[in-house]
Amino acid sequence: MSEPQPGRPGFGQRLRAALDAYGPLCVGIDPHEALLHAWGVDASAAGVREFGLRTVEAAAGRVGVVKPQVAFFERFGAAGFAVLEEVMAAARAAGLLVIADAKRGDIGTTMDGYAAAWLAPGAPLECDALTLSPYLGTDSLHAAFSMATAHEKGVFVLAATSNPEASTLQRARVDDEGESVAESVAHDVAARNIGAPGSLGPIGLVVGATVDRRAYGLSDIVLAGTPILAPGFGAQGAEPGDLQRLFGYVASQVVASESRSILAAGSAGDAALARRVEERAALYGASQSGTVRSGTVR
């Protein structure tokens with residue numbers, strides 16, 4: 001794996017700082033059509049731009065992480081990708097860590113291209129971290145792992161996702177010792193985090209808050225030191241008060257992603273959206289009125 005650049009904190013360190021400063025809440029930027037209509041904006045690239053930038057403004061200074069869902073931008077073609085570039089750049093300029101939820105995964109030079117597109121410094125789609133699919137083999141993601149390590153970026157690899165139809169694949173056994181697909185992925189990720197500075201490595205996992213992670217073989221020991229992106233909070237059913245029960249010893253490593261539970265408030269205006277972000281953050285015990293830290297955690 002490539003050596004990290006000196007002088008800048010790695011992704012795991014910056015994520016740790018964001019979690020310590022603002023708590024675990026991550027605001028999803030999911031401009032699907034129903035929400036666009038509810039907000040009174042067009043279902044177009046221009047409408048998605050307004051939606052995305054307003055969400056960034058509501059999140060900045062209230063949480064440390066945002067997660068744009070790439071598909072909702074991609075549906076508008078070149079114009080949608082241009083908007084995504086603008087929204088991610090605005091979020092990073094506001095001091096937010098940006099996780100691009102693109103779930104990329106491929107082999108060889110194609111994976112090289114995906115890694116360069118999302119993780120190379122100065123790339124139009126540059127983000128702080130990228131979601132990845134390991135189902136062509138975790139080793140097929142080597143280019144993204146190397147790019148992330150070399151440039152203080154991060155990735156989150158799908159392990160135990162919140163959609164029920166994934167359980168048959170992710171809980172399938174890969175050997176006679178009973179290790180599941182999800183556990184095998186987690187072990188591969190843990191090995192790549194060995195030697196990373198700080199308490200969290202740059203290579204994380206996606207573990208849904210609505211699944212029984214232990215049934216997938218994802219014990220506290222397996223997940224130790226690994227950043228965890230946990231969709232499923234809010235509208236999907238898990239609540240902030242469930243965080244400790246669901247993740248136990250590794251709860252402090254969790255990025256708790258919420259989208260609709262927050263974004264629905266945008267139909268009442270920007271002030272209502274900002275209040276909803278603050279309210280949801282407070283439920284995680286992270287809101288400290290009047291003491292939000294200034295500056296960037298990127």
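Residues numbered from 1 in each chain as written. Predicted model: local features only at pLDDT ≥ 70, side-chain atom pairs only at ≥ 80, totals over all residues. Heavy atoms only, no water.

Chemist: Go over the overall build of the protein chain, please, and point to the residues and values.
Modeler: Check the secondary structure of the protein chain and you find 13 helices and eight strands. Its C-alpha atoms give the protein chain a radius of gyration of 18 Å, within 12% of the compact-globule value 19 Å for 298 residues. Principal-axis analysis of the C-alpha atoms places the extent of the protein chain at approximately 55 × 40 × 40 Å. By the burial criterion, 55% of the 298 residues in the protein chain qualify as buried. Taking contacts inside the protein chain between residues at least 6 apart in sequence as the whole, the part at least 24 apart equals 74%. With an accessible surface of roughly 11900 Å², the protein chain has 53% of that area assigned to carbon and sulfur atoms. Of the charged side chains in the protein chain, 24 are positive and 32 negative, and the gap between their average positions amounts to 6 Å. (Helix = DSSP H or I, 4+ residues; strand = E, 2+ residues; numbered from the N terminus. Rg over C-alpha atoms; globule rule 2.2 N^0.38 Å. Buried < 20%, exposed > 50% of the residue type's maximum accessible area, 1.4 Å probe, protein only. Contact = heavy atoms within 4.5 Å. Areas by Shrake-Rupley, 256 points an atom, 1.4 Å probe, with all protein chains shown as cover. Lys, Arg positive; Asp, Glu negative; His and termini not counted. Charge placed at Lys NZ, Arg CZ, Asp CG, Glu CD.)

Chemist: I'd love a proper account of the nonpolar core, names of residues and values included.
Modeler: Trp-118, Leu-218, Phe-233 and Phe-247 are the most contacted members of the largest nonpolar core, which totals 77 residues. Among the elements that take part in this core, helix α3 (residues 45-59) stands out by supplying six residues, more than any other. Apart from the residues within four sequence positions on either side, Trp-118 is in contact with Val-70, Leu-84, Met-88, Ala-100, Ala-102, Arg-104, Leu-125, Glu-126, Cys-127 and Leu-130. The next biggest cluster of nonpolar side chains, apart from the first, holds 15 residues, and it includes Ala-18, Leu-97, Leu-158 and Val-206. (Core = buried A, V, L, I, M, F, W, Y, C linked by side-chain atoms within 4.5 Å.)

Chemist: Pulling in residues and values, what's your account of the environment of Arg-214?
Modeler: Relative to the elements of secondary structure, Arg-214 occurs in the loop between β6 (203-207) and α10 (220-223). The class of Arg-214 is partly exposed, set by a relative accessible area of 48%. Taking C-alpha positions, Arg-214 is 35 Å from Glu-33, a pair spaced 181 residues apart along the chain. Arg-214 has contacts with Asp-220 and Leu-246, leaving out every residue within four places of it along the chain.

Chemist: Account for the sheet that holds β6, with residues named and values stated.
Modeler: Here we have eight strands rolled up into a closed barrel, ordered β1-β2-β3-β4-β5-β6-β7-β8, and parallel in their pairing. Neighbour to neighbour, the strand axes of the sheet diverge by 30° on average, direction disregarded. By the bridge criterion, three bridges tie strand β1 (residues 25-29) to strand β8 (residues 254-258) in an arrangement that is parallel. Within the sheet, the bridge partner assigned to Leu-25 lies in β8 and is Ala-256. Helix α1 (residues 11-22) rests against β2 (65-68), β3 (97-104), β4 (129-132), β5 (154-160) and β8 of the sheet, and its axis sits at about 120° to β3. Sheet contacts for helix α9 (residues 181-193): β5 and β6; angle to β6, the most-contacted strand, approximately 155°. (Pairing = 2+ DSSP bridges. Axes fitted to C-alpha atoms, helices over the stretch in contact; angles between N-to-C directions.)

Chemist: Give me helix α13 (residues 270-283): which residues, what numbers.
Modeler: Here α13 contains 14 residues, and its C-alpha end-to-end distance of 20 Å stays within 8% of the 20 Å for a straight helix at 1.5 Å per residue. Those residues of α13 lying buried are Ala-272, Leu-273, Ala-274, Val-277, Arg-280 and Ala-281. Contacts from the buried residues of α13 go to β1, α2 (33-39), α3, β8 and α12 (260-263). Looking one or two places after α13, you find Gly-285, whose phi comes out positive at around 75°. (Expected span 1.5 Å × (residues − 1).)

Chemist: Got a sec to walk through the pairing of β4? Specific residues and values, please.
Modeler: Within a regular strand, the side chains alternate between the two sheet faces. Neither face of β4 is exposed, since Ala-129 and Thr-131 on one face and Leu-130 and Leu-132 on the opposite face are all buried. Summarising the sheet, β3 and β4 pair through three bridges and their orientation is parallel. Along β4, the bridge assignment pairs Ala-100 with Leu-130. In this view, the connection linking β3 to its parallel neighbour β4 by way of helix α6 (residues 108-119) has right-handed handedness. Alignment of β4 against β5, held across four bridges, turns out to be parallel. (Right-handed = clockwise from strand over helix to strand, strands pointing away.)

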